[in-house]
Amino acid sequence: MRTKILILFLVGYFSVSFSQQIGDGRAITANNFNVPLLSGFYQTEYQQDGFPGNSIYTWNHLLVLRHSNPANNFQFQLATNYHENDRVFFRKIGVDALSDRNTAWHEFATRGTNTFVGNQNINGEIRVLGSGDEGKPIIIQNNSKTQAGQANLWKIWNLTGSYGNSLQFWAYDVNESGCVNGGLCSSRLTLMDNGNVGIGTSNPQAKLDVAGAIRAREIKVEVNAGADFVFSTDYNLKPLSEIESFIQTNNHLPEIPSEKVMQEEGLNVNEFQIKLLQKIEELTLYVIEQEKAIRVLQQKNENLEQIINK
């Protein structure tokens, strides 16, 4: 008996991607980036005229995408230095004739300092990360206005050390005494994570802490009490002789803080205004009592004159 064995071969389909190697896969050496170049990858060991990378390093990379028409020099160039933290630049060359005309380089990415031209629209978060007690600052600088050779600038700090979590706005002012390094002044505005806001102080102790004068057309203070209790019939209005004795001993009115206390502790405007109103109302009662006493004396004087004239 003959046995037949049927062997089935399953053919699998495999998806394979290919890449195109340019030349031998290595960059071509071009000692001048400012001449018409064909599409490809280039390198140079010489510092290029007008190349905005770090001048310390001479080795540069260049990617060129050339127009399909060999009669013109339209091309896109992307370039950077070899080194890790160097800057990345691009430029577009738009010349119909085959020439070595090149436009300026524009920076678009780096691990170091960036210089951007034009409006930058960011759809998402901006995070400035730092280490240590002080985060990295955001610097807003006006190069057109300078003082003593320094550009006017604001430094926005996110501090996590000395003053807790806070957002601080620092300013440069060479004319203000006490500024650090001849210009970097203390915080102009501080926003604390507990909700306190400081103007002219780096460590606000209240919801609004201002180290300086406040100018306003109108200020409205909400109060939860008044001084009308002075006019109650059971209010104990001290005799003026007792007030006089207190003043001679303490050199200030009763229930009003002394000058020394005011200087050391400051004033609660709400409470102080109510205390002043209380003293004014007490003074009004004293004046009313004196007016009554004067009327009694006037009446006695009139009666005495009538007796004398009879």
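Notes on the structure follow. Since the structure is predicted, the reported quantities are computational estimates derived from the model, not experimental observations. (Residues numbered from 1 in each chain as written. Predicted model: local features only at pLDDT ≥ 70, side-chain atom pairs only at ≥ 80, totals over all residues. Heavy atoms only, no water.)

**Focus: the overall build of the chain**
Along its length, the chain carries 3 helices and 12 strands. Going through the 310 residues of the chain one by one, you find that 22% of them count as buried. Considering only contacts within the chain whose residues lie at least 6 apart along the sequence, 32% involve residues at least 24 apart. Total accessible area on the chain is roughly 24000 Å²; 53% of this is exposed by carbon and sulfur atoms. (Helix = DSSP H or I, 4+ residues; strand = E, 2+ residues; numbered from the N terminus. Buried < 20%, exposed > 50% of the residue type's maximum accessible area, 1.4 Å probe, protein only. Contact = heavy atoms within 4.5 Å. Areas by Shrake-Rupley, 256 points an atom, 1.4 Å probe, with all protein chains shown as cover.)

**Section: helix α3 (residues 269–309)**
When the terminal C-alpha atoms of α3 are compared, their 59 Å separation across 41 residues agrees well with the 60 Å that a helix rising 1.5 Å per residue should span. Of the residues making up α3, those classed as buried are F272, I274, Q278, K279, E281, E282 and Y286. Among the structural elements, α1 (240–250) and α2 (259–265) are those in contact with the buried residues of α3. Where α3 begins, one side-chain oxygen reaches toward the backbone nitrogen of N270, 3.1 Å away; that side chain belongs to N268. (Expected span 1.5 Å × (residues − 1). Polar contact = N/O pair within 3.5 Å; in protein donor to acceptor, adjacent residues only side chain to side chain.)

**Brief notes about the pairing of strand β4 (residues 75–81)**
Counting buried positions over the 7 residues of β4 gives 5, a clear majority of the element. Relative to β4, strand β3 (residues 60–66) runs antiparallel, the two being bridged by 7 bridges. Residue N60 lies in a different strand from β4, and its bridge partner there is N81. Strand direction decides the pairing type here: β4 and strand β5 (residues 87–93), joined by 6 bridges, are antiparallel. Its bridge partner lying in β5, F76 is registered against K92. (Pairing = 2+ DSSP bridges.)

**Describing the nonpolar core**
Among soluble globular proteins, nonpolar side chains are generally buried collectively. In terms of nonpolar packing, the biggest core is built from 9 residues, these being A30, F33, L37, Y42, L62, V64, A79, F89 and W105. With near-sequence residues (within four places) excluded, V64 lies in contact with L37, L38, S39, G40, Y42, Q75, F76 and Q77. (Core = buried A, V, L, I, M, F, W, Y, C linked by side-chain atoms within 4.5 Å.)

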